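Chain residues, written in single-letter form:
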Amino acid sequence: MIVIDEKHPGIGGAAIGAILGYNPHRTAFDAWSEITGRTPRRNDPPSQAAEWGIALEPVVASKYAVTNGTVVLGDGSTRYAQGVAAMWVTGRPDRLVAKHWPAPFNYETSDVREIFSHGLEVKTTSWHRAEEWGASGSSEIPDRVAAQMHWYMLLTGLPRWDAAVLIGGQEYRQYTVMADAKIRDFLLATAQAWWDKYVV
């Protein structure tokens, strides 16, 4: 996994959901248009919901760390690519969970799996969407979020991804999704075919 800049084309965590038709806010055409530079990557002023989601993300991540006795690193701003074999597999994981601390780590040379046990996706949502999420502790999450988490496991090689979710500003839930070879292969094959047909 290597650090890349905004000009590097690739399929990220939000784009994979759009390509699969799971994202109600973005289409596969939106993803294609941004990736190929037909339209700039969206930089619209955030909605109130998005604005609060951004503000509360560190709080929810901290709640996860305290609840689970872990150290979470990152802030979701750094963009990565898988590496030479599949440079179009990209993403911005919200957080990575350290196996131990302190842990010196160089993204250019270190094996992510040696330092981190799993990743963390942080979400905030309204009461109106609470029914999309299952019981805390389960793996019952919306398809668009599951696709994103499995994509990040493909990106990093980590075997597990958790989601920390704040619902309605006051109910905290968390979920765990384990890597699945069939899902990984499906995502990779679908994304590769889409990339070759519509981008290359």
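Here the structure is a predicted model, which means the values were calculated and not measured. (Residues numbered from 1 in each chain as written. Predicted model: local features only at pLDDT ≥ 70, side-chain atom pairs only at ≥ 80, totals over all residues. Heavy atoms only, no water.)

Caption draft 1: Geometry of helix 6 (residues 181-199). With 19 residues, helix 6 extends 26 Å from end C-alpha to end C-alpha; this agrees with the ideal 27 Å at 1.5 Å per step. What helix 6 keeps buried is the set Leu187, Ala191, Trp194 and Trp195. Taken around the axis of helix 6, the buried residues stretch over an arc of 100 degrees, which confines them to a single face. Residues of helix 6 that are exposed and point over 90 degrees away from its buried face: Lys182 and Lys197. Buried residues along helix 6 sit against helix 1 (13-20), helix 2 (28-35) and helix 5 (143-156). Regarding helix 6, its N-cap is Asp180, as a side-chain oxygen of that residue lies 2.8 Å from the backbone nitrogen of Lys182 further along. (Helix = DSSP H or I, 4+ residues; strand = E, 2+ residues; numbered from the N terminus. Expected span 1.5 Å × (residues − 1). Buried < 20%, exposed > 50% of the residue type's maximum accessible area, 1.4 Å probe, protein only. Arc of directions from axis to C-beta. Contact = heavy atoms within 4.5 Å. Polar contact = N/O pair within 3.5 Å; in protein donor to acceptor, adjacent residues only side chain to side chain.)

Caption draft 2: Main features of the pattern of salt bridges. Tallied over the entire structure, the rule returns nine salt bridges. The partner of Arg26 in a salt bridge is Glu34, and the shortest N-O contact between them spans 2.9 Å. Residue Glu34 is classed as buried on the basis of its relative accessible area, which comes to 12%. Note that Arg160 is salt-bridged to Asp162, the shortest N-O span being 2.7 Å. (Salt bridge = Lys/Arg side-chain N within 4 Å of Asp/Glu carboxyl O.)

Caption draft 3: Quick look at the pairing of strand 8 (residues 171-178). Inspection of the sheet shows strand 7 (residues 160-167) paired to strand 8 by eight bridges, in the antiparallel sense. Bridge pairing links Asp162 to Thr176 in strand 8. Counting the residues in the hairpin turn of strand 7 and strand 8 gives three residues, including Gly168, whose phi is positive at 65 degrees. (Pairing = 2+ DSSP bridges.)

Caption draft 4: Local environment of the environment of Gly69. Here Gly69 shows up in the loop between helix 3 (48-68) and strand 2 (72-73). Its relative accessible area of 69% is what places Gly69 among the exposed residues. For the pair Gly69 and Arg79, spaced ten residues apart in sequence, the C-alpha separation works out to 26 Å.

Caption draft 5: Inspection of the nonpolar core at higher detail. In terms of nonpolar packing, the biggest core is built from 42 residues, with Ile11, Ile16, Trp88, Ile141 and Trp151 touching the most fellow members. Core analysis: the second largest hydrophobic core is formed by ten residues, Val60, Val72, Val97 and Ala164 among them. (Core = buried A, V, L, I, M, F, W, Y, C linked by side-chain atoms within 4.5 Å.)

Caption draft 6: The sheet that holds strand 1 (residues 2-4), seen in detail. Across the sheet, which stays open at both edges, the three strands sit in the order 1-3-4 with antiparallel pairing between neighbours. Each edge of the sheet is formed by a strand with only one pairing partner; in this case those strands are strand 1 and strand 4 (90-91).

Caption draft 7: A look at the packing of helix 1 against helix 5. Interhelical geometry of helix 1 versus helix 5 gives an angle of 125 degrees and a closest axis separation of 8 Å. In terms of orientation, helix 1 lies oblique with respect to helix 5. In this structure, helix 1 meets helix 5 at a crossing whose hand is right-handed. Every residue of helix 5 that contacts helix 1 at Gly13, Ala14, Ile16 and Leu20 is listed here: Ala147, Gln148, Trp151 and Tyr152. Here the contact of helix 1 with helix 5 is composed, by residue class, of six nonpolar, two polar and no charged. (Axes fitted to C-alpha atoms, helices over the stretch in contact; angles between N-to-C directions. Parallel < 35°, antiparallel > 145°, perpendicular 65-115°, else oblique. Left-handed = near helix turned anticlockwise from the far one by under 90°. Nonpolar A, V, L, I, M, F, W, Y, C, P; charged D, E, K, R; others polar.)

Caption draft 8: Looking closely at the pairing of strand 5 (residues 95-98). Here strand 5 shows no split at all, with Arg95 and Val97 on one side and Leu96 and Ala98 on the other all buried. One ladder, built from two bridges, connects strand 2 with strand 5; its direction is antiparallel. Opposite Leu73, over in strand 5, you have Leu96 as the bridge partner.

Caption draft 9: Inspection of the side chain of His8 at higher detail. Position of His8 relative to the elements: it lies in the loop between strand 1 and helix 1. The buried category is assigned to His8, whose relative accessible area is 18%. A distance of 2.9 Å separates the side chain of His8 from the backbone oxygen of Met87, its partner in a polar contact.

Caption draft 10: Region of interest: the environment of Ser136. As for its placement among the helices and strands, Ser136 is situated in the loop between strand 6 (116-125) and helix 5. Not counting chain neighbours up to four residues away, the residues in contact with Ser136 comprise Arg173, Gln174 and Tyr175. For Ser136, the side chain forms a polar contact with the main-chain nitrogen of Gln174, separated by 3.1 Å.

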